[in-house]
Amino acid sequence: MNEKASSDVLERYSKVAVVGAGVIGASWTAVFLAHGLTVVVNDPRDDVEAVVEGYIGKASPTLQALNLPTQNLTRKLHFEPNLERAVAGVDVVQENGPERVELKQDLWARIEPHVPAHALLLSSSSARTASEQSLKMKSAKRLLIGHPFNPPHLIPLVEVVPGDQTEPGAVEDAVAFYQALGKVPRVLRKEIQGFVANRLQRAIFRECCHLVLEGVVTVDELDDIVTSSIGLRWAADGPFRSFHLGGGPGGFAAFFKQFAPGMEAAWKSQAAVTLDAKSQKTIIDQAQASFAAAPLEKLESERDAKQLAILRALASVKAAG
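Being a predicted model, the structure only gives us computed values, none of them experimental. In this numbering scheme, every chain counts its residues from 1 along its sequence in written order. Reporting in this predicted model follows two pLDDT cut-offs: at least 70 for local features of residues, and 80 or more for side-chain atom pairs to be given and counted; totals over whole chains, interfaces and linings ignore these cut-offs and use all residues. Processing note: side-chain calculations cover all non-hydrogen atoms of the structure and skip hydrogens and water entirely.

## Some remarks on the overall build of the protein
Put simply, the rule reads: In this description a helix means any DSSP run of H or I spanning at least four residues, a strand means any run of E spanning at least two, and both kinds are numbered starting from the N terminus. The globule rule used here is 2.2 Å times the number of residues to the 0.38 power, and the radius of gyration it is set against is calculated over C-alpha atoms. Per-residue accessibility, obtained with a 1.4 Å probe over protein chains only, is compared with the maximum for each type, and a residue is labelled buried under 20%, exposed over 50%, and partly exposed between these values. Here a residue-residue contact requires only that any non-hydrogen atoms of the pair lie within 4.5 Å. For the accessible areas, the method is Shrake-Rupley and the probe is 1.4 Å, while residue cover comes only from the protein chains on display. In this tally, Asp and Glu contribute negative charge and Lys and Arg positive charge; neither His nor the terminal groups of the chain are included. In plain terms, the charge of a residue is placed at NZ if it is Lys, CZ if Arg, CG if Asp and CD if Glu.
Along its length, the protein carries 14 helices and eight strands. In summary, the protein has a C-alpha radius of gyration of 21 Å against a globular reference of 20 Å for 321 residues, a match within 12%. A principal-axis box enclosing the C-alpha atoms of the protein has dimensions of 55 × 45 × 45 Å. Within the protein, the fraction of its 321 residues that count as buried is 39%. For the protein, contacts bridging at least 24 residues in sequence account for 70% of all contacts bridging at least 6. Carbon and sulfur atoms make up 57% of the accessible area of the protein, which amounts to about 17,700 Å² in all. Computed over 34 positive and 37 negative side-chain charges, the separation of the two mean positions in the protein equals 4 Å.

Structural data, given as structure tokens:
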């Protein structure tokens, strides 16, 4: 999307209500403000203003590194404890409440009468589909999932997942809105619990836990193995393109001929992993003896610096191509 098109989209969706100001909601708030949008935050906690403004302050160096403006970042930030007043007349609602389906259903039923017909109703939920959330609404044609990967102000992915009542135009508008924010929105073709990124993450982490609990590696060693191999590979190309290349000139046909029988057998023979109290303690103790002993702020700063470096490297290769 070119700069003019992005500007037009953000002008159309210039006023955003962020409902729920935990880590995800605060991060979204930083993104929206950095793109010049007016943001009203709704959250029942007493310290919401201090929490959100503190998060924005911490996120500012990362936003600046992404070439986003950070001066007077909170000038268009407002707080409104009353939900109905918070969403009145906004162009976008980005909901980030607890993953309780009854609560989300009630939220959308309360929000629906107070937003204009063109408003995008977006949920950051990682667990509850739009169809589930919409059951108490009169019309859910503008409701859909806009699930980010944490933290949204840094990670590009947004999974856009329409519900069974979502109109195609709303999907197109949501994609355009997130693209205008510099995100990489990907539309899922059907609703599935956990969506895509978290299902992949869970599957990989299951095997990570299995290998540590079996004493094959420690948590530190496993992290090093991942960041020195598949982490690098998949950041560049992703699993399918990587394995296509792994097949050599024959591509996937050659890859499957050589590896499919063994992979299928391995999938069938995977042992169950139980995260009981003993298993959890094994992982917790190993982590605490290593990286978990460092202050959270230090770990977050290191994570952001590494991810920024990767994003810059990928962007430079794309620009050169």
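## What to know about the sheet that holds strand E4 (residues 92–95)
So the rule is basically this: If DSSP finds at least two bridges between two strands, the strands pair. Orientation is described by lines fitted to C-alpha atoms, with helices fitted over the stretch in contact, and by angles between N-to-C directions that extend from 0 to 180 degrees.
Across the sheet, which stays open at both edges, the eight strands sit in the order E3-E2-E1-E4-E5-E6-E7-E8 with mixed pairing between neighbours. In this open sheet, the two edge strands, each paired with only one partner strand, are strand E3 (77–79) and strand E8 (184–187). Averaged over all adjacent pairs, the angle separating strand axes in this sheet is 25°, with direction ignored. Sheet strands touched by helix H3 (residues 48–65): strand E2 (38–42) and E3. Its angle to E3, the strand with the most contacts, is close to 155°.

## A word on the packing of aromatic side chains
The condition that has to hold: When the centres of two rings from Phe, Tyr and Trp lie within 6.5 Å, Trp using its six-membered ring, the rings pair. Their planes under 30 degrees apart give stacked, over 60 give edge-to-face, and anything left gives tilted.
Evaluation of the coordinates by the stated rule reveals 11 aromatic pairs. Their ring planes at 70° and their centres at 5.9 Å tell us that tyrosine 13 and phenylalanine 177 sit as a pair that is edge-to-face. Linking tyrosine 13 in the loop between helix H1 (3–12) and strand E1 (15–19) with phenylalanine 177 in helix H7 (residues 168–180), this pair joins segments that are 164 residues apart in sequence. Plain terms: the ring middles of phenylalanine 243 and phenylalanine 255 are 4.8 Å apart, the flat faces sit at 25° to each other, and that makes the pair stacked. With phenylalanine 243 in helix H11 (residues 238–246) and phenylalanine 255 in helix H12 (residues 251–268), this residue pair connects regions lying 12 residues apart in the sequence.

## Thoughts on unusual backbone geometry
A cis amide bond links asparagine 150 to the next residue, proline 151, at an omega of -5°. By the secondary structure assignment, proline 151 is in the loop between strand E6 (143–148) and strand E7 (157–162). The phi dihedral of asparagine 67 falls on the positive side, at around 65°, and the residue is not glycine. We note that phenylalanine 195 has phi near 60°; this positive angle belongs to a residue other than glycine. Take phenylalanine 195: it is sitting in the loop between E8 and helix H8 (197–213). Taking the relative accessible area as the measure of exposure, phenylalanine 195 reaches 1% and is therefore buried.

## Quick word on the pattern of salt bridges
A side chain with one charge can pair with a side chain of the opposite charge if their charged atoms come near. Applicable threshold: The term salt bridge refers to a side-chain nitrogen of Lys or Arg lying within 4 Å of a carboxyl oxygen of Asp or Glu.
By the definition in use, this model includes 17 salt bridges. Between aspartate 8 and lysine 4 there is a salt bridge whose closest N-O contact spans 2.8 Å. Of this pair, aspartate 8 and lysine 4 both sit in helix H1, four residues apart, which is roughly one turn of the helix. Under the relative-accessibility criterion, aspartate 8 is labelled partly exposed at 37%. Shared partners join several salt bridges into a network, and the residues in it are Arg12, Arg142, Glu167 and Asp173.

## Concerning the pairing of strand E5 (residues 120–123)
Operational definition: Handedness is read with the strands pointing away from the viewer; a crossover is right-handed when the path from the first strand over the helix to the second is clockwise.
Neither face of E5 is open: one carries Leu120 and Leu122, the other Leu121 and Ser123, and all of them are buried. Bridge analysis of E4 against E5 gives four bridges, and the strand direction is parallel. Looking across to E5, one finds that valine 92 is bridged to leucine 120. Handedness of the crossover joining E4 and E5 through helix H5 (residues 101–111): right-handed. In the sheet, E5 pairs with E6 via three bridges, with the strands oriented parallel.

## Things to note about the packing of helix H2 (residues 23–34) against H3
In a packed pair of helices, the relevant descriptors are the angle between the two axes and the axis-to-axis distance. The following threshold applies: The labels follow the angle: roughly parallel below 35 degrees, roughly antiparallel above 145, roughly perpendicular from 65 to 115, and oblique for the rest. Throughout, a crossing is termed right-handed when the near helix is turned clockwise from the far one, and left-handed when it is turned anticlockwise from it by less than a right angle. Polarity classes work like this: nonpolar for Ala, Val, Leu, Ile, Met, Phe, Trp, Tyr, Cys and Pro, charged for Asp, Glu, Lys and Arg, and polar for all others, with Gly in that last group.
Between H2 and H3, the shortest axis-to-axis distance is 9 Å and the interhelical angle comes to 55°. Classified by the angle between their axes, H2 and H3 sit oblique to one another. The two elements H2 and H3 meet at a crossing, and its hand is right-handed. Residues Val23, Ala26, Ser27, Thr29, Ala30, Leu33 and Ala34 of H2 pack against Val52, Tyr55, Ile56, Ala59 and Leu63 of H3. Grouping the amino acids of the contact of H2 with H3 by side-chain chemistry returns 10 nonpolar, two polar and no charged.

## Points about the layout of surface pockets
We apply this condition: A cavity here means a set of 1 Å grid points, computed over protein atoms only, where a 1.4 Å probe fits but cannot escape. A pocket is an open set with protein on both sides within 12 Å along at least 5 of 7 lines, and lining residues have an atom within 4 Å of a point. Grid points are joined across faces, edges and corners, and a volume is the space filled by probe spheres set on the points.
Here the second largest pocket defines a volume of roughly 240 Å³. Considering the residues around the second largest pocket, the lining is formed by 15 residues, among which Val19, Gly20, Asn42, Asp43 and Pro44 are closest to the centre. Ranked by the residues each element gives to the lining of the second largest pocket, the list is headed by H5, at three residues. Residues of the lining of the second largest pocket, tallied by class, amount to eight nonpolar, five polar and two charged.

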